[in-house]
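Tertiary structure, described
Spelled out from the first residue to the last, the chains are:
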Amino acid sequence: MSHELATLFGAGLVYLVLLFLLAYATDQGYLPQRWASHPLTYTLSIGVYATSWTYYGSVGYAAHNGLLFLTIYIGATLAFVLSPVLLRPILRLSREYQLASLADLMAFRYRSQAAGVLVTLFMLVGTLPYIALQIRAVTESLRILSNEVPSRTIALTFCATLILFGVLFGARHVSPREKHRGLVVAIAFESLVKLVVLLLIGGYALFGLFGGMQGLDNWLQDNPAALTALYAPVSESPWTALVFLSFAAAFLLPRQFHMLFAENLNPQALRTATWAMPAFLLLLNITIPVILWAGQRLALGINPDYFVLGITLANGPSWLSLLAFIGGLSAASAMVIVTSIALASMSLNHLLLPASYPDPAMDLYRWILWGRRALIALIIMAGYGFYAGLEHNESLVELGLISFVAVAQFLPGVAGLLYWRRATRAGFLIGLLGGISVWSTLLLAPILHASEIMVTDLGIPELVAASGMNK
């Protein structure tokens, strides 16, 4: 069973239009304002943390690395558990001094325009692999569901659609510090969609394919290697490093900082998110082993990253496979839209305005508005360029981890912001430059070399071999 490519693309477009109508209705006051400021809405909006990596890649990561897939969520849970000493102080500073991004925060703490510029540039480069991940996940899901190979034109059209909705969601007004209630509600709805769809697919795998818990238990007894493969990597792999990276990403990734702090409508809502966000992540992950085992039972001949789609195509009803696609589209589009909005505001404040302040005779507000819109388009298209240049040998998780390592470089700066009064501007800049250099050499350069974007003989082949990206 398969779907027409045009049907899938049309369904995705209708879904995105529905999201915009939901955001528009919220902004116009057609929906109660208390919905936007409700703690559970806020928590679900933070659920933008769960992208295609979670929706698709977690199953693939579990297939190769067992229970290590949980580390990405254990680290995020730890960040929310430490909310009283980590997230709440940052929220208080952001609201008190009207700081809308991590670059604003670092420039404010270290009294340095250079700090804001450096943070912004590194955020831009470090986030490109993550945006490419989302584009790749959507195009690959279209290929699996339609048995057609989506052309680059499909990916380009997807990006153009996201640019349109990014502008509609986050660049209809001048001030980047203005709260986007419609955006918060729309992203919360997207999180609810991907959670419900993933639970439905997990339920179908358990009851439709295994016949319930007893059937699953019988299959596991007949296939003990499935459980062994899940537990074996636990004692052999870097749990601590992965937990650390996801801890940093939970509040430092551009989309996370934006939804956690810049779009916070009710400071008290963070108290609810302290327990509700870990619960949300638990519900997302509870289905991953069952979906993995269902794919193994069916002997699906596809990348385990896409078992979520494969099990619905093999025996499931057509509506479930269509819902599976919508869930993946929801996870990907939310990440790209929020990230582009966050990075556009950051780039406007720290790159565009300082470099080319408009002529006083111009309409400043109109210039700023169109500047933000242009930046959203440039950021998404830069992600498309990264996607188009990749060799596509990397798993979804490998691409995501590159961005996780990038944002982890800001943790010392955050420590200096909150608890290290003796931290200096020079120390922050030198430390961040060192981190950028190591990240660029050991993570970015190998993937660029493997995709033949970078051609050099400066030891990159050895780095590729050492990183495992040539496998």
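Residues numbered from 1 in each chain as written. Predicted model: local features only at pLDDT ≥ 70, side-chain atom pairs only at ≥ 80, totals over all residues. Heavy atoms only, no water.

1. Some points on the overall build of the chain
When helices and strands are tallied, the chain shows 23 helices and zero strands. Partitioning the contacts of the chain with sequence separation of at least 6, the portion at a separation of at least 24 is 84%. Of the roughly 18800 Å² of accessible surface on the chain, a fraction of 64% belongs to carbon and sulfur atoms. (Helix = DSSP H or I, 4+ residues; strand = E, 2+ residues; numbered from the N terminus. Contact = heavy atoms within 4.5 Å. Areas by Shrake-Rupley, 256 points an atom, 1.4 Å probe, with all protein chains shown as cover.)

2. A few points about empty space enclosed by the protein
Per the counting criterion, the structure on display carries three cavities of 30 Å³ or more. The space that makes up the largest cavity amounts to roughly 110 Å³. For the largest cavity, the full set of lining residues is Phe9, Gly12, Leu13, Leu16, Val138, Thr139, Leu142, Ile154, Phe158, Thr161, Phe325 and Leu329. Tallied by class, residues from the lining of the largest cavity come to nine nonpolar, three polar and no charged. Within this model, the second largest cavity holds a volume of roughly 60 Å³. Lining the second largest cavity are Ala100, Ser101, Leu102, Met123, Leu252, Pro254, Phe257, His258, Ala342 and Met346. Only α14 (254-262) and α18 (318-355) provide two or more residues apiece to the lining of the second largest cavity. Looking at which element gives the most residues to the lining of the second largest cavity, the answer is α14, with three residues. Here the residues of the lining of the second largest cavity are counted per class, giving eight nonpolar, two polar and no charged. (1 Å grid on protein atoms, 1.4 Å probe; cavity = no way out; pocket = protein on both sides within 12 Å on 5 of 7 lines; lining within 4 Å. Points joined across faces, edges and corners; volume = space filled by probe spheres on them. Nonpolar A, V, L, I, M, F, W, Y, C, P; charged D, E, K, R; others polar.)

3. A short note on the confidence of the model for the chain
Within the chain, residue pLDDT values average 88, and 90% of them lie at 70 or more. Considering each helix and strand of the chain separately, the mean pLDDT is smallest for helix α23 (residues 460-467), with a value of 56, and largest for helix α3 (residues 39-46), with 96. (pLDDT = per-residue confidence, 0-100.)

4. A look at the packing of aromatic side chains
Two aromatic rings are characterised by how far apart their centres lie and by the angle between their planes. Under the counting rule described, the total for this entry stands at 17 aromatic pairs. For the ring pair Phe20 and Tyr24, a centre distance of 6.1 Å and an interplane angle of 35 degrees mean the geometry is tilted. Highlighted residues: Phe20 and Tyr24, both in helix α1 (residues 5-27), separated by four residues, approximately one helical turn. Taking the centre distance of 6.3 Å and the plane angle of 35 degrees together, the rings of Phe165 and Phe169 count as tilted. In this pair, Phe165 and Phe169 are both assigned in helix α9 (residues 152-170), four residues apart and thus about one turn of the helix distant. Across this residue pair, the class does not change: Phe165 and Phe169 are buried. Grouping aromatic residues by their ring pairs yields a cluster made of Phe20, Tyr24, Phe165 and Phe169. Positioned above the aromatic ring of Phe108 is the side chain of Arg111, whose terminal nitrogen or guanidinium carbon lies 4.9 Å from the ring centre. Just above the ring of Tyr130 sits the side chain of Arg255; from NZ or CZ to the centre is 4.6 Å. (Phe/Tyr/Trp six-rings, centres within 6.5 Å; stacked < 30°, edge-to-face > 60°. Buried < 20%, exposed > 50% of the residue type's maximum accessible area, 1.4 Å probe, protein only. Lys NZ or Arg CZ within 6 Å of the ring centre and 35° of its normal.)

5. Details of unusual backbone geometry
Despite not being glycine, Gln98 has its phi angle at roughly 55 degrees, a positive value. Mapped onto the fold, Gln98 is located in the loop between α6 (87-97) and α7 (102-110). Residue class for Gln98 comes out exposed when judged on its relative accessible area of 54%. Phi angles above zero are rare outside glycine, and Arg111 is one such case at about 50 degrees. Following the sequence through the fold, Arg111 ends up in the loop between α7 and α8 (113-146).

6. Notes on the layout of surface pockets
The rolling of a water-molecule-sized probe over the atoms marks out the regions of remaining empty space. The computed volume of the second largest pocket comes to approximately 260 Å³. Forming the boundary of the second largest pocket are Pro89, Arg92, Leu93, Phe108, Arg109, Arg111, Gly416, Leu417, Leu418, Tyr419, Trp420 and Arg421. Counting only elements with at least two residues in the lining of the second largest pocket, the list comes to α6, α7 and α21 (411-418). Looking at the lining of the second largest pocket, its residues break down into seven nonpolar, one polar and four charged.

7. As for α6
For α6, the full list of buried residues reads Leu87, Pro89, Ile90, Leu91, Leu93 and Ser94. Those residues of α6 hidden inside the fold are in contact with α5 (71-81), α7, α13 (239-252), α14, α15 (269-285) and α21. With its phi angle positive at about 55 degrees, Gln98 sits one or two positions after the end of α6.

8. Examining α1
End to end, α1 covers 33 Å across 23 residues, agreeing with the expected 33 Å (1.5 Å per residue, within 8%). If you check which residues of α1 are buried, you get Leu5, Leu8, Gly12, Tyr15, Leu16, Leu19, Phe20, Ala23, Ala25 and Thr26. As for α1, its buried residues are in contact with α2 (33-37), α8, α9, α10 (181-209) and α18. After α1 finishes, the residue Gly29 shows a positive phi value of roughly 85 degrees. (Expected span 1.5 Å × (residues − 1).)

9. Observations concerning a nonpolar patch on the surface
Taken together, the side chains of Leu78, Val81, Leu82, Val85 and Tyr419 define a hydrophobic patch exposed on the protein surface, amounting to about 460 Å² of accessible area. By the element assignment, Leu78 lies in helix α5. For Leu78, a relative accessible area of 38% gives the class partly exposed. (Patch = residues over 30% accessible without salt bridge, like charges linked within 9 Å, V, L, I, M, F, W, Y side chains within 5 Å. Salt bridge = Lys/Arg side-chain N within 4 Å of Asp/Glu carboxyl O.)

10. Regarding the pattern of salt bridges
In total, this model carries one salt bridge according to the counting rule given. A salt bridge links Arg143 to Glu140; its shortest N-O distance comes to 2.6 Å. Of this pair, Arg143 and Glu140 both sit in helix α8, three residues apart, which is roughly one turn of the helix.

11. Observations concerning the environment of Ala188
Checked against the element boundaries, Ala188 lands in helix α10. Along the primary structure Ala188 and Gly47 are separated by 141 residues, whereas in three dimensions their C-alpha atoms are 7.2 Å apart.

12. Thoughts on the packing of α9 against helix α19 (residues 364-389)
α19 packs onto α9 with a crossing angle of 155 degrees between their chain directions and a minimal axis gap of 9 Å. With respect to their mutual orientation, α9 and α19 come out roughly antiparallel. Handedness of the α9/α19 crossing: right-handed. Of α19, the residues touching α9 (which contributes Arg152, Ala155, Leu156, Cys159, Leu162, Ile163, Gly166, Val167 and Gly170) are Arg372, Arg373, Ile376, Ala377, Ile380, Met381, Tyr384, Tyr387 and Ala388. (Axes fitted to C-alpha atoms, helices over the stretch in contact; angles between N-to-C directions. Parallel < 35°, antiparallel > 145°, perpendicular 65-115°, else oblique. Left-handed = near helix turned anticlockwise from the far one by under 90°.)

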